[in-house]
Amino acid sequence: MIAKISNGKDTAGLIRYLFDTKKAKDHTDPHLVASWDGFAPDPGRSNDFTATKKLLVADLDLRVKQARRLGQAPERHVWHCSLRAATTDRHLSDEEWADIAHRVVAATGIAPQDDPDGCRWVAVRHAPDHIHIAATKVRGDLRTARHWNDYLTADRELATIEKEYGLFQVVRGDRTAAKRTSRAEKEKARRQGQDKPARERLRTIVRTAVAATTSIEEFIRLLSHTDGVLVEIVYFPSGDVRGYKVASEDNTTAGKEPVWYSGSELAPDLSFPKIRARLEATDPQPTSQPGRRRPNPWHQATAAAERIPQHLTGNDDRASQAHLAAFGEALDALPLLAPAPIRAQLRAAASSFERATRSRIQAEHHHARALRGAVRAMLREPAPRDGTALAMFLDAAILVAITAARWHQLRHHDQQVAAAQQTLLHLQAAYDQAAAAPLAALAQRRPPQQTVDRHLRHIRRAVPEHAEQVLEDPAIDALTAALAEAEALGHDPERLLRQAADQRALDDARFPARTLAWRMQRFSARPAPSSRARAAQARSEARPEETPQRPNTPTHEAAAASLPRPPQARRR
């Protein structure tokens, strides 16, 4: 159920509209279902509509006129609230709507329960699925009603009403969403031939700049050199940077100033202080040293992403929020590194997940330094041409999206749940497309059958509870090829398989052989252990020690099944 609240100064005009059946064709049988004392005159049930309507307006305005004589009546004295049920809800009776109206005016402060001086109000029903509440905001003691934050208080009461009445539960926000683009902005973009309004385009540009930079200086420099973007830096008297504003070059009118947006006007997390906090919590990447191999940033980013589900199962919500924000930055950067055919899906995934990166929980960004640093390093190196690294990262990203939806769901972050669910759809589509060629190329390197049979035995011993599912996966040839290549580099295939299963449970994978193949390739890129190290590992494994329990991580199927269905109604 959705509330829409407005204020005005014409009681008669509002009552005339609510009972009109000529101009408003959807108004059928308008009548009162409730009022401040239960005895208000009802024009919809009177033989003399005009006279009864005037009487109702006079009753509603009585206290307003009294307060006006004392010079203390508010100019906009009319309070108007419409309450609409979802299209899938049953039709409520007049008595049920009356109860809902009483609860809403009490919750908002218009007519608190058991307060004899509450404002005068009526609830009019002129359609099966909604009612209108019309009130005048002067109390019986001639003071103006205290109804601040009435939208939020009404919304909270409606959430309770939905559960009690068995109605559709609307997806509700926590006021951390980016400001919604206005109709005027959309119309202006349409006239200019733009696919998106300037605010949305600038929001994407700034988010991408944050994901690609490591310092405030670099962030400002990158924004300043972006085509079509105007940047203005605001300074303190001391000369330190105070903030920034951006504008689109095409969002101007002849002879007028550009339309500027501060970071906080684009999105709550794009304010200058919040950007600075995130950039300060980025690990610097090590410089190359002679004789030492530089870590692969794609592998580092994938490893960091795979650890996010474990972080989200912990008890530190502020750290979890930081990991979600860092993952959102990784998705913002990904379209810059991906081949053209899947960029649209990745941009859509980043745009959707942007809503899931914010909540009322304040992030402690230093917890996600590793992923941020790896993403920045990815942007500074040529992307691998074969697509393996991208597919590897997307495989991990799918699990992050599922776990993020579950994390938000447990905290009743409805909008964020819906955003993570939408992100999952885009990531799965991008992954299926990105993984096809690398898997096919890897499968072509399938070893001889004798070697394949030996590796199949390794799989059965290493992951016995998932062996059949792995062997039935169409990507089993790619996995055996990856195992053979790892073995040729000096690794123990069976030990690598155990490590892979220990770090990520296979029942969370849509295609377990693919997941293992990506992990085998990443593990085999590390230097193989020496003979002395292998001997030490063997002794350690032979020791009868208690194996620590791995934190439970949600499976693709189980987690997805536990999530709510995509919402039919949304709200900021």
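Keep in mind that what you see is a predicted model, and the values were worked out from it rather than measured.

Caption draft 1: Highlighting the overall build of the protein. Helix and strand content of the protein: 22 helices and eight strands. Counting every position in the protein, which comprises 572 residues, the buried fraction comes to 52%. Taking the contacts inside the protein whose residues are at least 6 apart along the sequence as the reference set, 74% of them involve residues at least 24 apart. Accessible surface, the protein: about 28300 Å² in total, of which carbon and sulfur atoms supply 49%.

Caption draft 2: Layout of unusual backbone geometry. For aspartate 29, which is not a glycine, the phi torsion comes out positive at approximately 50 degrees. Relative to the helices and strands, aspartate 29 is located in the loop between α1 (11-18) and β2 (31-35). When its relative accessible area of 45% is taken as the criterion, aspartate 29 is described as partly exposed. With a phi angle near 60 degrees, aspartate 114 is a residue other than glycine that sits in the positive phi range. Turning to its location among the elements, aspartate 114 is positioned in the loop between α3 (94-108) and β4 (121-127).

Caption draft 3: The sheet that holds β2, seen in detail. If you walk across this open sheet you meet the five strands as β1-β3-β5-β4-β2, and the pairing is antiparallel. A strand with exactly one partner marks an edge of an open sheet, and here the two such strands are β1 (2-8) and β2. Across the sheet, the mean angle from the axis of one strand to that of its neighbour is 20 degrees, orientation sign disregarded. Here β1 pairs with strand β3 (residues 78-84) via seven bridges, running antiparallel. The partner of serine 6 across the bridge, within β3, is histidine 80. Across the sheet, α1 lies against β3, β4 and β5 (130-136), angled at about 165 degrees from β5, the strand it touches most. Set on the sheet, helix α4 (residues 150-165) makes contact with β1 and β3; between it and β1 the angle comes to about 155 degrees.

Caption draft 4: Broad picture of the layout of surface pockets. Of the volumes computed, that of the largest pocket is approximately 1100 Å³. Lining of the largest pocket is provided by 36 residues; of these, Arg203, Thr204, Ser351, Ser352 and Glu354 occupy positions nearest its centre. Looking at the lining of the largest pocket, the elements that each hand over two or more residues are α6 (198-212), α7 (216-224), α12 (340-356) and α15 (414-443). Its residues assigned to classes, the lining of the largest pocket comprises twelve nonpolar, eight polar and 16 charged.

Caption draft 5: Quick look at α3. A rise of 1.5 Å per residue sets the reference length of α3, with its 15 residues, at 21 Å; its end C-alpha atoms lie 21 Å apart and thus fit the reference within 8%. Within α3, burial applies to Glu96, Trp97, Ala98, Ile100, Ala101, Arg103, Val104, Val105 and Thr108.

Caption draft 6: Region of interest: the packing of α15 against helix α20 (residues 512-524). Here α15 crosses α20 at 65 degrees, and the two axes come no closer than 12 Å. Taken together, α15 and α20 sit at an angle that is classed as roughly perpendicular. For the pair α15 and α20, the crossing hand works out as left-handed. Across the interface between the two elements, Tyr431, Asp432, Ala435, Pro438, Leu439 and Leu442 from α15 touch Arg514, Ala517, Trp518 and Gln521 from α20. Its residues assigned to classes, the contact of α15 with α20 shows seven nonpolar, one polar and two charged.

Caption draft 7: Expanded view of the confidence of the model for the protein. This prediction gives the protein a mean pLDDT of 88; 89% of its residues lie at or above 70. At the level of individual helices and strands, the protein shows its lowest average pLDDT in helix α22 (residues 556-562), which scores 48, and its highest in α3, which scores 97. Low pLDDT, under 50, characterises residues 545-555; the predicted model gives this stretch 18 contacts beyond four residues in sequence or across chains. Low pLDDT, under 50, characterises residues 566-572; the predicted model gives this stretch 28 contacts beyond four residues in sequence or across chains.

How each quantity is defined
- Residues numbered from 1 in each chain as written.
- Predicted model: local features only at pLDDT ≥ 70, side-chain atom pairs only at ≥ 80, totals over all residues.
- Heavy atoms only, no water.
- Helix = DSSP H or I, 4+ residues; strand = E, 2+ residues; numbered from the N terminus.
- Buried < 20%, exposed > 50% of the residue type's maximum accessible area, 1.4 Å probe, protein only.
- Contact = heavy atoms within 4.5 Å.
- Areas by Shrake-Rupley, 256 points an atom, 1.4 Å probe, with all protein chains shown as cover.
- Pairing = 2+ DSSP bridges.
- Axes fitted to C-alpha atoms, helices over the stretch in contact; angles between N-to-C directions.
- 1 Å grid on protein atoms, 1.4 Å probe; cavity = no way out; pocket = protein on both sides within 12 Å on 5 of 7 lines; lining within 4 Å.
- Points joined across faces, edges and corners; volume = space filled by probe spheres on them.
- Nonpolar A, V, L, I, M, F, W, Y, C, P; charged D, E, K, R; others polar.
- Expected span 1.5 Å × (residues − 1).
- Parallel < 35°, antiparallel > 145°, perpendicular 65-115°, else oblique.
- Left-handed = near helix turned anticlockwise from the far one by under 90°.
- pLDDT = per-residue confidence, 0-100.

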